[in-house]
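The primary structure of each chain is shown beneath.
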Amino acid sequence: MTMKKIFTLMLLFLTVYSFSQNGRVEGKVIDKENKEPVAFANVQIVGTTTGAVTDLDGKFIITGLKPGYINLKITFVGYKTFITTEILITNSNPVYQEFELESTTKQLEAVTIVANPFDKRDDALVSVQSIGIKEIETNPGANRDISRVIQSFPGVATTPAFRNDIIVRGGGPSESRFFLDGVEIPTLNHFATQGAGGGPVGIINSDFIASVDYYAGSFPASRYNALSGVFEFRQKEGNNKKLNVQGALGASEAAITFDGPLGKNANMIFSVRRSYLQFLFSALELPFLPTFTDYQLKTKINLNKKNELTIISIGALDQFALNTGIKNPDASQEYILTQIPTNNQWSYAIGGVWKHFTKNGFHTFVLSRNMLDNSFFKYPDNDETKAKTLDYTSQEIENKARWEFSQKLNGWSIRYGLNTEFAKYNNQTSQYVYLNDSSFFYNYQSEMNLVKFGGFGQVSRRVANEKLLISLGLRADGTNFNKVMSNPLNQLSPRISFAYSLDQNTKINAGVGRYFQLPAYTTLGYKNDAGDFLNEDVEYIGANHFILGAERTFKDKALLSVEGFYKDYFQYPINKFTGSSLANSGADYSSVSGATEVLSIGKGRAVGAELLYRLRLKTFYIIAAYTFVRSSFTDTTDTYIPSSWDSQHLLTLTGSKEFKKNWVLGFKWRFSGGLPYTPYDLATSSNIQVWNAFNQPVFDYSKLNAERFDPFHQLDIRVDKRFYFEKLTLMIYFDIQNAYNFKNKGQDYVIRAKNPDGSFQTTDNGTKYVLTPIENISGTVLPTLGLMVKF
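In this text the structure is predicted, and so the values were computed from the model without any measurement. (Residues numbered from 1 in each chain as written. Predicted model: local features only at pLDDT ≥ 70, side-chain atom pairs only at ≥ 80, totals over all residues. Heavy atoms only, no water.)

(A) Structural context of the overall build of the protein chain. Looking only at helices and strands, the protein chain features 9 helices and 45 strands. The C-alpha atoms of the protein chain give a radius of gyration of 27 Å, which matches the 28 Å a tight globule of 791 residues would have. With respect to the three principal axes, the spread of C-alpha positions in the protein chain is 90 × 80 × 45 Å. Among the 791 residues that make up the protein chain, the fraction classed as buried is 55%. Across the protein chain, every contact between residues at least 6 apart in sequence was considered, and the portion connecting residues at least 24 apart equals 66%. A total accessible area of about 32800 Å² is found for the protein chain, and carbon and sulfur atoms account for 58% of it. Looking at charge distribution, the protein chain has the averaged site of its 81 positive side-chain charges lying 9 Å from that of its 75 negative ones. (Helix = DSSP H or I, 4+ residues; strand = E, 2+ residues; numbered from the N terminus. Rg over C-alpha atoms; globule rule 2.2 N^0.38 Å. Buried < 20%, exposed > 50% of the residue type's maximum accessible area, 1.4 Å probe, protein only. Contact = heavy atoms within 4.5 Å. Areas by Shrake-Rupley, 256 points an atom, 1.4 Å probe, with all protein chains shown as cover. Lys, Arg positive; Asp, Glu negative; His and termini not counted. Charge placed at Lys NZ, Arg CZ, Asp CG, Glu CD.)

(B) Structural detail: the sheet that holds strand S12 (residues 183-185). Taken in spatial order, the 5 strands make up an open sheet running S10-S15-S16-S11-S12, and their pairing is mixed. Pairing within the sheet leaves two strands with one partner each, and these edge strands are strand S10 (128-132) and S12. When strand polarity is set aside, the average angle formed by the axes of neighbouring strands in this sheet is 25°. Relative to strand S16 (residues 229-235), strand S11 (residues 176-180) runs parallel, the two sharing 5 bridges. Each bridged residue has a counterpart across the sheet, and for Arg177 the counterpart in S16 is Val230. (Pairing = 2+ DSSP bridges. Axes fitted to C-alpha atoms, helices over the stretch in contact; angles between N-to-C directions.)

(C) Focus on the packing of aromatic side chains. Scanning the model with the defined rule gives 34 aromatic pairs in all. Each ring, one from Phe699 and one from Tyr701, has its centre 6.1 Å from the other, and the planes form 65°; the classification is edge-to-face. A relative accessible area of 34% places Tyr701 in the partly exposed class. One aromatic cluster is present, formed by Phe178, Tyr214 and Phe231 through successive ring pairs. Note that Lys388 overlies the ring of Phe377, its terminal NZ or CZ placed 4.7 Å from the centroid. A cation sits over an aromatic face here: Arg752 above Phe760, 3.9 Å from the ring centre. (Phe/Tyr/Trp six-rings, centres within 6.5 Å; stacked < 30°, edge-to-face > 60°. Lys NZ or Arg CZ within 6 Å of the ring centre and 35° of its normal.)

(D) Structural context of the sheet that holds strand S7 (residues 82-83). In space, the 4 strands of this open sheet follow the order S3-S2-S6-S7, with antiparallel pairing throughout. Looking along the sheet, the strands with just one partner apiece sit at the ends: strand S3 (51-53) and S7. Here 3 bridges tie strand S2 (residues 42-45) to S3, and the two strands are oriented antiparallel to one another. Within the sheet, the bridge partner assigned to Gln44 lies in S3 and is Gly51.

(E) Inspection of the side chain of Thr523 at higher detail. Note on placement: Thr523 falls in helix H7 (residues 521-524). When neighbours within four sequence positions are excluded, Thr523 is seen to be in contact with Asn535, Leu582, Gly594 and Val598.

(F) Looking closely at the pairing of strand S22 (residues 342-357). Here strand S21 (residues 307-322) runs beside S22; their pairing, made up of 14 bridges, is antiparallel. Opposite Ser313, over in S22, you have Ile350 as the bridge partner. One ladder, built from 16 bridges, connects S22 with strand S23 (residues 361-378); its direction is antiparallel. Bridge pairing links Val353 to Val366 in S23.

(G) Representation of the nonpolar core within the structure. Ile136, Ile150, Ile185, Leu188, Ile204, Phe231 and Phe233 are the most contacted members of the largest nonpolar core, which totals 43 residues. If near-sequence neighbours (up to four positions away) are discounted, Ile150 is found in contact with Ile131, Val156, Leu188, Phe231 and Phe233. Counting residues in hydrophobic clusters, the runner-up holds 33 residues, among them Val128, Tyr569, Leu582 and Phe633. (Core = buried A, V, L, I, M, F, W, Y, C linked by side-chain atoms within 4.5 Å.)

(H) Representation of unusual backbone geometry in the model. One non-glycine residue, Phe191, lies in positive phi territory at about 50°. Looking at where Phe191 falls in the secondary structure, it is placed in the loop between strand S13 (189-190) and strand S14 (201-202). Phi at Glu466 is positive, roughly 65°, even though this residue is not glycine. Structurally, Glu466 can be placed in the loop between strand S26 (438-463) and strand S27 (468-479).

(I) Structural view of the confidence of the model for the protein chain. When pLDDT is averaged along the protein chain, the result is 88, and 94% of the positions lie at 70 or above. Across residues 3-19, where pLDDT falls below 50, the model places 15 contacts with residues more than four positions away in sequence or in other chains. Scored below 50 in pLDDT, residues 107-115 shows 13 contacts in the model against residues more than four places distant or in partner chains. (pLDDT = per-residue confidence, 0-100.)

(J) Representation of the pairing of strand S1 (residues 23-31) within the structure. Counting buried positions along S1 yields 7 of 9 residues, so the element is predominantly enclosed. Pairing of S1 with strand S4 (residues 59-65) involves 5 bridges; the strand directions are antiparallel. The residue bridging Lys28 from the neighbouring strand is Lys59, located in S4. Two strands pair when backbone bridges link them, and S1 and strand S9 (residues 95-101) are joined in this way by 7 bridges, in the parallel orientation. Considered in S9, the bridge of Lys28 is made with Glu98.

(K) Molecular detail of the environment of Val538. As for its position among the elements, Val538 is in the loop between H7 and strand S30 (541-554). The exposure class assigned to Val538 is buried, which follows from its relative accessible area of 2%. When the C-alpha positions of Val538 and Glu597 are compared, they lie 10.0 Å apart, and in sequence the two are 59 residues distant. Leave out the neighbours within four places in its chain, and Val538 touches Phe481, Asn482, Met485, Pro519, Leu524, Val598 and Ser600.

(L) Expanded view of helix H5 (residues 331-339). Among the residues of H5, those classed as buried are Gln333, Glu334, Tyr335, Ile336, Leu337 and Thr338. Buried residues belonging to H5 abut strand S20 (288-304), S21, S23, helix H9 (688-694) and strand S41 (744-752).

(M) Fine view of the side chain of Asp477. Looking at where Asp477 falls in the secondary structure, it is placed in strand S27. What makes Asp477 buried here is its relative accessible area of 10%. Those residues in contact with Asp477 that lie beyond four places of it in its chain are Tyr224, Asn419, Phe453, Gly454, Met485, Pro488, Gln491 and Tyr540.

(N) Geometry of the pattern of salt bridges. Considering all chains together, one arrives at 40 salt bridges under this definition. One salt bridge in this structure joins Lys388 and Asp391, with 3.6 Å as the shortest N-O distance. For Lys388, a relative accessible area of 27% corresponds to the partly exposed category. Here Arg708 and Asp646 are joined by a salt bridge, their closest N and O atoms 2.9 Å apart. Of the two residues, Arg708 sits in strand S38 (residues 707-708) while Asp646 sits in the loop between strand S34 (640-642) and strand S35 (648-659), which places them 62 residues apart along the sequence. The exposure class of Arg708 is partly exposed, given its relative accessible area of 32%. (Salt bridge = Lys/Arg side-chain N within 4 Å of Asp/Glu carboxyl O.)

(O) Structural detail: the environment of Glu396. With respect to the element layout, Glu396 can be found in strand S24 (residues 390-409). Its relative accessible area of 13% is what places Glu396 among the buried residues. For the pair Glu396 and Gln194, spaced 202 residues apart in the sequence, the C-alpha separation amounts to 9.4 Å. With sequence-adjacent residues up to four places away left out, Glu396 is seen in contact with Gln194, Asn370, Met371, Leu372, Lys424, Tyr425, Tyr521 and Thr522.

Structure representation (structure tokens):
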């Protein structure tokens, strides 16, 4: 019997024995402000007549459900109708969730309340999108990586590089902040660039994620230290009835996840992932061997009716070795081996969120700690018998405390709070450099302790017969780094946003605000070899946002929106030696960014418009997002120059269709205009002292971002098949990235020419190398098979 026949018989067997309809969802409906149970609320599965009514304790149970994704619609007199994000129903794993209803001041006899799954929070009226679990789980080409899923939405750039840099509306990759159930996490990716944030693989396990709220502007005043984006990840809660286990094998890693009860009033969810890319990369003779391990934990404890405690933790261990065992490396392998250092990195974040509920509101207390340890080194030509040309070790440690209070009072939504932070930064650097026509070792040690503080207030209210929603916020932040930044009035951040309803389905939105972000620790803590801080006069980076848009919903199934934006940056650090704004940092994909002497005189602007269409049907969804954006920042001569993220045009089409017998077909097509880049200065690079200092060609900053790559586009296709058994759920997916084999041309590799005996060719009496540019073409069809088992 052939393998094809065996596979066909197995598939038929699995299909026959996966037909049953024993899914179950249960939960509790509570008041969002005081956590009191909402009795007699109607809970209905969207698109059906199946449902239940909550009991006196706010609890409900719905049984006999067909496996697959569902949405629940929850209604009760005096509350806004609520439609949940997608919930996956299986035969083997009963679902338990709590749902919060928000009270409304609308008079029932005058207004019909229309449920809208695209509704926004009262303190975030513009530039916000919510991403559901269905869109995460089935996103083609993403390999269940949150960082890549985000790129399906408007304003977020997509690049042909191997990294997951989050570029929002033309800003740099360091301009976003990430919160996991209210706890800030310092990075979203493995092998992160310190001071910029990007990396090749996401650190968050998608098995934890219930939904994501993505803000591209008009951030709530409670969120701070961001200029371009804020991402709120809401995690699932552990099952409070039984222990569930899920195992997964993906394109790059294996994972196991546990969730279940911890006694009567607590639950947990915990996962560990380990990559196996190093084995595949070694077999393929790729020049680098990455390995990562991570964990993720959430525990929720209901202390009593008025108090709950949630503990969050996430951590990663990243090891990046060079594959120096390759015999006779080709030009691209030699370039990468020569350039890239060996990198070891670990990080973690842990925090507790305590919520205390009162009659008309609730207090939130957050205590957290996070740490990043980053080290890398480089031997000349990877020869360990020689002295290192680079040896870098650094730690960033942050201890944070935050208090917030939220309440509803006489039609007003009120929120205010305070935060403080104690941060420590250490750095020990030894680097061979070339400066002012001479080469030497640059050594410095830096230790810096910072105190940060801030406070905010925000109020929202509906007026004009509740057609106009206004949200007004004010925030102030400071730090003891220097005199200017220690005065929070210098970082005063007012913001106001509006949403006017022309009818029940059409809104006009607008927002204006000022936002501040502290420069990276690598910049603040930079010293010369005499031990002097060189950036003591830096200031907070600022940005003014101006946003205007409109949106229309079509019942509860589709959203069409258009939004224009303008970001006006000021006090942006500029590299004193290259003249390049640090907004361009991260474009070279190095392990650290911002470690240089700077001037806080830079300006910038990002202007554009976004068009979004989202359709959510029972068996089909599509996201069509187009962004026009122009991004530029000044150099030391106050001349505006296109930034490294000036994509101009971004277009993403993402869709998924469910078929009978639990087959799902998805696609994602991406287009990005060519990004600017700075050409090499080959004449200077050929100098032996220069090359030996940098292990690569140096850029010609007199032509900063003067060249532009060709546009990039790619098609990804994914097929999913799910088997719902009584005791377990089996999910298989086949993903094809770059289905039509697009070839992307990057900046040329540059290597040193060799003599027949393997020595490097030189000229000018042995003072210069002979450099050879090699065309850099990347892109191949990449098929992936993934497997997930839940029981």
